[in-house]
Amino acid sequence: MSIKIITDSACQITESNKNENLIILNMPVISSDKEYIEGQTINSSDMFSRMKDGEVFKTSQVPYKTYYESFKNELEAGNDVICITLSSGLTSTFQTATMAMNALLEENKDYKIIVKDSLCACSGETSVVNKALKLVELNYSFEEVNEKLDEIICAQEHIFTVTNLEYLYRGGRLSKTQKVMGSLLNIRPVMSVDKNDGSLYVVEKARGEKQTFIKMKNLMIEK
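Note that this is a predicted model, so its numbers are computed, not measured.

Asker: Help me understand the nonpolar core, please; the structure alone is not making it clear to me.
Answerer: Proteins that are soluble and globular tend to have nonpolar side chains buried together. Ranked by size, the top nonpolar core spans 21 residues in total, and within it Ile5, Ile82, Ile84, Val129 and Leu149 carry the most contacts. Mapped onto this core, the elements with two or more residues apiece are strand E1 (3-8), strand E2 (22-25), strand E6 (80-85), helix H4 (123-137) and helix H5 (142-155). Counting residues per element, this core draws most heavily on H4, at 6 residues. In contact with Val129, other than residues within four places in its own chain, are Ile5, Thr7, Cys11, Ile13, Leu22 and Ile84.

Asker: Can you help me understand the sheet that holds strand E4 (residues 34-37) in this one?
Answerer: Pairing between sheet strands relies on hydrogen bonds along the backbone, with the strands arranged either parallel or antiparallel. If you trace the 3 strands from one edge of the open sheet to the other, you get E4-E3-E5, paired in antiparallel fashion. Only two strands of the sheet have a single partner each, and these edge strands are E4 and strand E5 (58-59). As paired strands, strand E3 (residues 28-31) and E4 are joined by 4 bridges and run antiparallel to one another. The residue of E4 that forms the bridge with Val29 is Tyr36.

Asker: Mind showing me how you'd approach the packing of aromatic side chains here?
Answerer: When we look at a pair of aromatic rings, we describe it by the centre distance and by the angle of the planes. For the coordinates displayed, the defined rule picks out 2 aromatic pairs. Ring geometry for Tyr67 and Phe71: centres 5.6 Å apart, planes at 40 degrees, overall tilted. Remark: Phe71 and Tyr67 occur in helix H2 (residues 64-76); sequence separation between them is 4 residues, near one turn of the helix. Take Tyr67 and Phe71: they sit in the same class, and that class is buried.

Asker: Mind showing me how you'd approach H2 here?
Answerer: One full turn of an α-helix is made of 3.6 residues, so residues set three or four places apart face in the same direction. Relative to the 18 Å expected for 13 residues at 1.5 Å per residue, H2 spans 18 Å between its end C-alpha atoms, a close match to the ideal helical length. For H2, the set of buried residues is Tyr67, Tyr68, Ser70, Phe71, Glu74 and Leu75. Among the structural elements, E1, E2, E6, helix H3 (93-107) and strand E7 (113-117) are those in contact with the buried residues of H2. Of the residues one or two after H2, Gly78 is the one with positive phi, at around 95 degrees.

Asker: Could you clarify how one ought to interpret the environment of Glu151 in this entry?
Answerer: Relative to the elements of secondary structure, Glu151 occurs in helix H5. In this structure, the C-alpha to C-alpha distance between Glu151 and Leu86, residues 65 residues apart in sequence, is 17 Å.

Asker: What is the right way to read the packing of H4 against H5 from this model?
Answerer: Angle between the axes and distance between the axes are the two parameters that describe a pair of packed helices. Between H4 and H5, whose axes approach to 10 Å, the crossing angle comes to 150 degrees. By the angle between their axes, H4 is roughly antiparallel relative to H5. With respect to the hand of their crossing, H4 and H5 are arranged in right-handed fashion. Contacts from Val128, Lys131, Ala132, Leu135 and Val136 of H4 reach H5 at Val145, Lys148, Leu149, Ile152 and Ile153. Its residues assigned to classes, the contact of H4 with H5 shows 8 nonpolar, no polar and 2 charged.

Asker: Mind showing me how you'd approach the pattern of salt bridges here?
Answerer: Taken as a whole, this structure holds 11 salt bridges when the rule is applied. A salt bridge links Lys112 to Glu143; its shortest N-O distance comes to 3.1 Å. In this pair, Lys112 is assigned in the loop between H3 and E7 and Glu143 in helix H5, connecting sequence segments 31 residues apart. Judged by its relative accessible area of 34%, Lys112 is partly exposed. A salt bridge links Glu157 to Lys195; its shortest N-O distance comes to 3.1 Å. In this pair, Glu157 sits in the loop between H5 and strand E8 (160-161) while Lys195 sits in the loop between strand E9 (187-193) and strand E10 (200-207), placing the two residues 38 residues apart along the sequence.

The rules behind these values
Residues numbered from 1 in each chain as written. Predicted model: local features only at pLDDT ≥ 70, side-chain atom pairs only at ≥ 80, totals over all residues. Heavy atoms only, no water. Core = buried A, V, L, I, M, F, W, Y, C linked by side-chain atoms within 4.5 Å. Buried < 20%, exposed > 50% of the residue type's maximum accessible area, 1.4 Å probe, protein only. Helix = DSSP H or I, 4+ residues; strand = E, 2+ residues; numbered from the N terminus. Contact = heavy atoms within 4.5 Å. Pairing = 2+ DSSP bridges. Phe/Tyr/Trp six-rings, centres within 6.5 Å; stacked < 30°, edge-to-face > 60°. Expected span 1.5 Å × (residues − 1). Axes fitted to C-alpha atoms, helices over the stretch in contact; angles between N-to-C directions. Parallel < 35°, antiparallel > 145°, perpendicular 65-115°, else oblique. Left-handed = near helix turned anticlockwise from the far one by under 90°. Nonpolar A, V, L, I, M, F, W, Y, C, P; charged D, E, K, R; others polar. Salt bridge = Lys/Arg side-chain N within 4 Å of Asp/Glu carboxyl O.

This is a description of form; function is not addressed.
Below, the structure is given as structure tokens:
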């Protein structure tokens, strides 16, 4: 029996860094009504290349059935399950995984399973998953890993910027006017992740790459 870490493909763990205690559930990606499975029928580099050429991709959450079946397979094999999801402030993945967990606990209250909201995405989620795997490798108990993850998620800080406002506009985080004026004036947002709900917000704005990184550096020193 072991602890299995289950996460979604928003986590940026490469093939070379995967291990036997990790299960990654791939998220559907949709373009022009055609659905792909991230990591199976489309890879990130291909998707980003096509986005630069103007193609619009939308992601969808991991389906309830996928969570339920993945959880159940591991629990019936005698393993404990810790699921780490993409931020609940960006998607309903956390809620869906929690529904699957609750359904299984109704079937068997002795199952050891917990769903953790990473309150972050991409490299932030990767960091949480990697630390969870390290705790498992160090033979921490299910309860200890669960407790430590709360500390890890709470302690993480996120500071980042974007070089292109187009994707913030497409995602509904900028109005068309903000996108146009920001692009004309070369304004870049310095962004972070809200620790309460995992949503994105703008901390600072800067004009040009040099001023953007100066503001990012000052925020890092402050934090």
